[in-house]
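# Descriptive structure summary
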Amino acid sequence: MLPSKTCSDSGLVESDYFNSKFAPKEEDDSLISGKYVEINGSKYLADDSTPDDFAQKGLMLNPDFIHRLVGNNFTDYNQLIPKKDRWNSIFVPGAKIEENEKSPASVTLNVSGNTLSWNPVPEPDIIGYRVYKSGFFTHKVASIKTGSSLTYSAADGDYYVTAVDIRGNESEASNPAVIGEYP
């Protein structure tokens with residue numbers, strides 16, 4: 001196949017010279033650029049609607065290409081990536097987080113000194129949490145990814161936290177928390 005722009009831009013093309021009689025006509029679609037979320041060291045395909053504050057962009061093997069190559073009964077997808085340095089940034093999307101079609105449950109916020117903390121929402125499609133500072137203007141002050149420490153060191157003010165799922169749906173606000181004394 002002809003090298004795609006994605007393959008060329010990634011530095012993975014070693015040769016693009018062909019005998020004109022046998023030159024390929026189709027473009028290689030084995031690599032795609034896309035969004036993913038990382039949870040506890042595992043990478044999952046992101047939806048188009050996955051919020052950018054929780055998603056990362058990168059090169060990955062095209063899931064359709066993988067299916068054409070190995071079918072459905074293949075389990076160790078990492079065998080598809082060569083063990084060469086220039087392939088280190090390419091990942092195999094081994095799974096996709098399925099949206100559970102409901103709004104995320106809200107979290108219960110705890111306060112200790114100036115630290116906010118909460119327990120994870122036990123839903124498989126939760127990709128992170130947003131911390132908001134409220135007042136005259138309410139604004140997001142942090143995005144905490146699932147698998148990270150569920151704490152936030154806060155300055156004086158009123159705060160709440162929401163859970164966010166793979167599609168970007170947010171839970172209702174947590175119970176409010178007040179840090180410090182202020183006018």
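Position numbers for residues count from 1 along each chain, tracking the sequence in the order it is written. Residue-level local features of this predicted model are given only where pLDDT is at least 70; pairs of side-chain atoms are given and counted only at 80 or more, and the full residue set underlies all totals for whole chains, interfaces and linings. Note that water and hydrogens are dropped before the side-chain values are worked out from all heavy atoms of the structure.

### Focus: the overall build of the protein
- The helix and strand inventory of the protein stands at two helices and ten strands.
- Listed N to C, the secondary structure of the protein is α-β-β-β-α-β-β-β-β-β-β-β in terms of helices and strands.
- Using a 1.4 Å probe on the protein chains alone, a residue whose accessible area is under 20% of its type maximum counts as buried, one over 50% counts as exposed, and one in between counts as partly exposed. By the burial criterion, 37% of the 183 residues in the protein qualify as buried.
- Only heavy atoms enter the contact rule, under which two residues are in contact if any of them lie within 4.5 Å. Across the protein, the fraction of contacts at a sequence separation of at least 24, relative to all contacts at a separation of at least 6, is 59%.
- Looking at the protein as shown, the accessible area adds up to about 11,100 Å², and 48% of this sits on carbon and sulfur atoms. Labels follow the DSSP assignment, with helices taken as runs of H or I lasting at least four residues and strands as runs of E lasting at least two, numbered in each case from the N terminus. Here the accessible surface of atoms and residues is derived via Shrake-Rupley with a 1.4 Å probe, and residues count as covered only by protein chains that are part of the display.

### Quick word on the side chain of D165
- Among the structural elements, D165 can be located in strand β9 (residues 157-165).
- Of the side chains with opposite charge, R167 lies nearest to the buried D165, which makes no salt bridge, at 7.0 Å.
- Any pair of nitrogen or oxygen atoms within 3.5 Å is treated as a polar contact; in protein, a donor-acceptor pairing is required on top of that, and neighbouring residues in sequence qualify only through side-chain atoms on both sides. From its side chain, D165 meets the backbone nitrogen of R167 in a polar contact 3.0 Å long.
- For D165, the residues in contact, after removing those within four places along its chain, are P51, E99, K102, P104, D125, I126 and I127. Charge convention: Lys and Arg are scored as positive, Asp and Glu as negative, and His as well as the terminal groups of each chain are ignored. Definition used for salt bridges: Asp or Glu carboxyl oxygen within 4 Å of a side-chain nitrogen of Lys or Arg.

### Here we look at the side chain of T50
- In this structure, T50 sits in the loop between β2 (42-45) and β3 (56-61).
- Reaching out from T50, the side chain makes a polar contact with the backbone nitrogen of D47 at a distance of 2.8 Å.
- Within the local environment of T50, its side chain forms a polar contact with the backbone oxygen of I166, the two atoms lying 2.6 Å apart.
- If near-sequence neighbours (up to four positions away) are discounted, T50 is found in contact with K35, V37, A55, I127 and I166.

### Description of the sheet that holds β3
- A pair of strands is considered paired only if DSSP assigns at least 2 bridges between the two. Overall, antiparallel pairing links the three strands, which are arranged β2-β1-β3 in an open sheet. The open sheet has two free edges, formed respectively by β2 and β3, since each of these has just one partner strand. Neighbour to neighbour, the strand axes of the sheet diverge by 55° on average, direction disregarded.
- Sheet topology places strand β1 (residues 31-39) next to β3; six bridges connect them, and they run antiparallel. Of the residues in β3, the one forming a bridge with S33 is L59. A fitted line through C-alpha atoms represents every axis, and for helices the fit uses only the stretch in contact; the resulting angles, taken between N-to-C directions, go from 0 to 180 degrees.

### As for the sheet that holds strand β6 (residues 126-134)
- The four strands lie next to each other as β7-β6-β9-β10, forming an open sheet whose pairing is antiparallel. The open sheet is flanked by β7 (139-145) and β10 (177-179), the only strands paired with a single partner. Along the sheet, successive strands turn relative to each other by an average axial angle of 30°, direction set aside.
- Sheet topology note: the β6/β9 ladder contains eight bridges and is antiparallel. By the bridge assignment, Y129 is partnered in β9 with A163.

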